[in-house]
Amino acid sequence: MNKKIHLLVVGLLALVACQQTSKTSEIITGRGIEAPNGMLASAHPLASKAGAEILAQGGNAFDAAVCVHFALAVVYPRAGNIGGGGFAVYRKNNGETGTLDFREKAPLQASRNMYLDSMQNVIPDLSSTGALSVGVPGSVQGMIDLHKKLGTIAFENLIEPAIKLAENGFAITKDEADKLNSYQEAFIKANGTAMYFVKNWQAGDTMHLPALAKTLKAIQKNGRDGFYKGDVAAAMLKKMNEKAGIITQADLDAYKTVWRKPIEIFYKNYKVISMPPPSSGGIALAQLLKGSENFDWKASGHNSAATIHFTTELQRRVYADRASYLGDPDFYPVPQQMLLDSTYLAQRFENIKLNKKTNSSDIKEGSVEIIESIETTHFSIVDKQGNAIAITTTLNGNYGSKVFVENAGFFLNNEMDDFSVKPGVPNQFGLIGAEANAIAPQKRMLSSMTPTILEKNNELFMVVGTPGGATIITLVYQAIINVIEYDMDIQQAVDAKKTHSQWLPDIILYEENGLDSSIIKNLNQMGHVLELRPYIGKLDAVLVLSNGMLQGGSDPRGDDISAGVK
Ligand code: GLY
């Protein structure tokens, strides 16, 4: 069949599927909602709705994921992206699992010491803002490859909702207006005052992104070549030339995604399926869960001083391993088997005392400053056939490098900062690294993104993930524990106040109104130092209930909303 006839047939089939289901399918949106025929949770109501419409039209979870990813690239510019990258973890309804790595790569001209001055000192901000902080984007190739392997509806139809949103415009939320206003100086510094996003934004203002619509149409028409070649590539490379970036056409031509074997472990009778390196997420989550199996969660109590002390002690050991051993497995022999070995883990955690803090400096040396709250975005989807996908995708910082490709309408990432720019020196999350995560051309930078799927007794049980840089791993861990050990429904698990610690800096973060003063006092007496954050993470998850209903949990810390198909 030639390509045009094939597209026509696929389009007609989608139309028929739509007509068949539209009589019975009703889309509902909200937090903590339940529906039998599909559920997803994402960071933006318009993206959730677009994805649910694909599910209602008979698309599967993977079709909906492609649609949501492109929709977020329009309506959630701080983290939704085509100029960044991410990871997908999937489980088909026949139990087959897999992951797609569409993480950015270091440019061919990147080098180990590219962010150091002649005295070998780190040049402030060079790895985190501006054109030199940009990794070769992977999101567009990721969505194309995901669709090719797992999708059922024509790619053209899945990107169409994003094109409409960019072309027709949409009202921005208060949260987005506040965020845009707080980055005005950074936008001007990276792009000058003529840039589209430079203005005083109000909730309800209409955002029009015609250049982005044009780019999305090029991808719709030409697939990979619509982004990595032609006018869009030329606009990206022009920006690189103007701003002293190092990405070239050779980098764009060389970009490839990788299908990787998931990290799979059992926590009691739950199988946990998560992202392998170059994400640290799956291994670190697995270490945390394996280290928690014998802990009496109920007796210790949710968010009690004893529980927070225990998880902090686990976390400082796990994040110390992360810093030493984890990096891109295509470049560094990550000792994955050893890190998940039960004897190794038993030894690693055996010196945890239930009433006394270990100093992080006694675990491993390092000098670390602060952790900043940071953006990425996650969405979780389950369709009515029981296919599931968890995608976490990112520009790294809010609006990435802040470098905006005007002629093509999108921000470029600042993912190079996720490399260890110098051993022992922290990145923007306060994470330190070593040889495993040193910069090399074409290498992928270590990530904390932890898109995760759980099975219970061989059946799909939960899909979960969150943004939040270094805090991603501990947030996913707490969400899982909240559901499994504290019998919370998915919305309660998402809503519950969270804490975070990561070896270095040697502190515990807690959320506003998260811990009462007696718990803080108790932790202080054990030697812990606590720091307040307005919020930590933004979980979006789906739970499969025992009666088969799908429950959506979407985080009230943002505009996140679940959308389900009745
Ligand atoms: N850029 C955040 C992460 O990959 O962990």
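What counts and what doesn't
Residues numbered from 1 in each chain as written. Predicted model: local features only at pLDDT ≥ 70, side-chain atom pairs only at ≥ 80, totals over all residues. Heavy atoms only, no water. Helix = DSSP H or I, 4+ residues; strand = E, 2+ residues; numbered from the N terminus. Rg over C-alpha atoms; globule rule 2.2 N^0.38 Å. Buried < 20%, exposed > 50% of the residue type's maximum accessible area, 1.4 Å probe, protein only. Lys, Arg positive; Asp, Glu negative; His and termini not counted. Charge placed at Lys NZ, Arg CZ, Asp CG, Glu CD. Near = heavy atom within 4 Å. Polar contact = N/O pair within 3.5 Å; in protein donor to acceptor, adjacent residues only side chain to side chain. Nonpolar A, V, L, I, M, F, W, Y, C, P; charged D, E, K, R; others polar. Pairing = 2+ DSSP bridges. Contact = heavy atoms within 4.5 Å. Axes fitted to C-alpha atoms, helices over the stretch in contact; angles between N-to-C directions. Parallel < 35°, antiparallel > 145°, perpendicular 65-115°, else oblique. Left-handed = near helix turned anticlockwise from the far one by under 90°. pLDDT = per-residue confidence, 0-100. Core = buried A, V, L, I, M, F, W, Y, C linked by side-chain atoms within 4.5 Å.

Peer 1: How do you make sense of the overall build of the protein when you look at a structure like this?
Peer 2: A count of helices and strands for the protein gives 20 helices and 22 strands. Taking 566 residues into account, the globule formula puts the C-alpha radius of gyration at 24 Å, and the protein, at 22 Å, falls close to it. When the backbone C-alpha atoms are referred to their principal axes, the protein occupies close to 65 × 65 × 45 Å. Out of the 566 residues belonging to the protein, those deemed buried represent 64%. Where the 54 positive side-chain charges of the protein centre and where its 58 negative ones centre are 3 Å apart.

Peer 1: I tried to follow the site of the ligand on my own but got confused; where do I start?
Peer 2: In the neighbourhood of the ligand, 9 residues make up the surrounding shell, with Asn396, Glu415, Asp418, Ser447 and Ser448 lying closest. The side chain of Asp418 places a nitrogen or oxygen atom 2.7 Å from a nitrogen atom of the ligand. A distance of 2.7 Å separates an oxygen atom of the ligand from a polar atom in the backbone of Ser448. Among the residues forming the shell around the ligand, the class breakdown is 2 nonpolar, 4 polar and 3 charged.

Peer 1: Hey, could you run me through the sheet that holds strand β18 (residues 508–511) in this one?
Peer 2: Read from one edge to the other, the open sheet built from 3 strands follows the order β17-β18-β19, with strand pairing classed as mixed. Single-partner strands in this sheet number two, and they are β17 (499–500) and β19 (530–533). Direction of pairing for β17 relative to β18: antiparallel, over a ladder of 2 bridges. In the strand pairing of β18, His500 is matched with Leu509.

Peer 1: Hey, could you run me through the sheet that holds strand β21 (residues 550–554) in this one?
Peer 2: Paired through backbone hydrogen bonds, the strands of a sheet run either parallel or antiparallel to each other. Ordered in space as β2-β21-β20-β16-β15-β10-β9, the 7 strands form an open sheet in which the pairing is antiparallel. Pairing within the sheet leaves two strands with one partner each, and these edge strands are β2 (34–35) and β9 (263–267). In the sheet, strand β10 (residues 270–274) pairs with strand β15 (residues 452–456) via 5 bridges, with the strands oriented antiparallel. Bridge pairing in β15 links Val272 to Leu454. Helix α12 (residues 281–292) rests against β9, β10 and β15 of the sheet, and its axis sits at about 15° to β9. Strands β9, β10, β15, β16 (459–465) and β20 (540–544) of the sheet are contacted by helix α18 (residues 471–484), whose axis makes an angle of about 140° with β16.

Peer 1: Explain the packing of α12 against α18 to me, please; I cannot follow it from the model alone.
Peer 2: Two numbers describe a pair of packed helices, the interaxial angle and the distance between the axes. It is the contact of α12 with α18, at a shortest axis distance of 9 Å, that shows an interaxial angle of 45°. By the criterion of interaxial angle, the relationship of α12 to α18 is oblique. As for how α12 packs across α18, the hand of that crossing is right-handed. In contact with Gly281, Ala284, Leu285, Leu288, Leu289 and Ser292 of α12, α18 contributes Ile473, Val476, Tyr477, Ile480 and Ile481. Of the residues belonging to the contact of α12 with α18, the class tally is 9 nonpolar, 2 polar and no charged.

Peer 1: Help me out: how do you make sense of the confidence of the model for the protein in this one?
Peer 2: Predicted coordinates in areas of low pLDDT are best not read in detail. Looking at the protein, the pLDDT average stands at 92 and 92% of residues meet or exceed 70. Segment residues 5–22: pLDDT under 50, and 14 contacts once partners within four positions in sequence are set aside and those in other chains are kept. Of the regions scoring below 50 in pLDDT, residues 365–373 engages in 29 contacts with residues more than four places distant in sequence or in other chains.

Peer 1: How do you make sense of the side chain of Ser304 when you look at a structure like this?
Peer 2: Summarising the element assignment, Ser304 is placed in the loop between α13 (297–300) and α14 (305–325). Among the residues examined, Ser304 registers a relative accessible area of 15% and is labelled buried. A distance of 3.0 Å separates the side chain of Ser304 from the side chain of Thr307, its partner in a polar contact.

Peer 1: Is there a simple way to explain the packing of α14 against helix α16 (residues 342–349) in this structure?
Peer 2: Viewed as axis vectors pointing N to C, α14 and α16 meet at an angle of 120°, and their least axial separation amounts to 10 Å. Taken together, the axes of α14 and α16 are oblique relative to one another. At the point where α14 passes α16, the crossing takes the right-handed sense. In contact with Leu314, Arg317, Val318, Ala320, Asp321 and Tyr325 of α14, α16 contributes Tyr344, Arg348 and Phe349.

Peer 1: Explain unusual backbone geometry here, please?
Peer 2: Comment: phi is negative for the bulk of residues other than glycine, and the bulk of peptide bonds are trans. Pro277 connects to Pro278 through a cis peptide bond whose omega is 20°. The residue Pro278 is located in the loop between β10 and α12 in this model. In this model, Leu504 is joined to Pro505 through a cis peptide bond whose omega is 0°. As for its placement among the helices and strands, Pro505 is situated in the loop between β17 and β18. Its identity is not glycine, yet Asn396 carries a phi of approximately 85°, on the positive side. Topologically, Asn396 is positioned in the loop between β12 (388–394) and β13 (404–405). With a relative accessible area of 1%, Asn396 lands in the buried category. Unlike most non-glycine residues, Asn458 shows phi in positive territory, near 70°. Asn458 sits in the exposed class, given a relative accessible area of 59%.

Peer 1: Whenever I open this one, the nonpolar core confuses me. Can you help?
Peer 2: Counting 83 residues, the largest nonpolar core has Phe70, Val74, Phe197, Leu216, Ile381, Ile389 and Phe410 as the members making the most contacts within it. Setting aside anything within four residues of it in sequence, one finds Phe197 in contact with Pro77, Leu180, Gln184, Phe187, Met207, Leu209, Phe404 and Phe411. Ranked by size, the runner-up nonpolar core spans 74 residues in total, among them Ala284, Val334, Tyr477 and Ile536.

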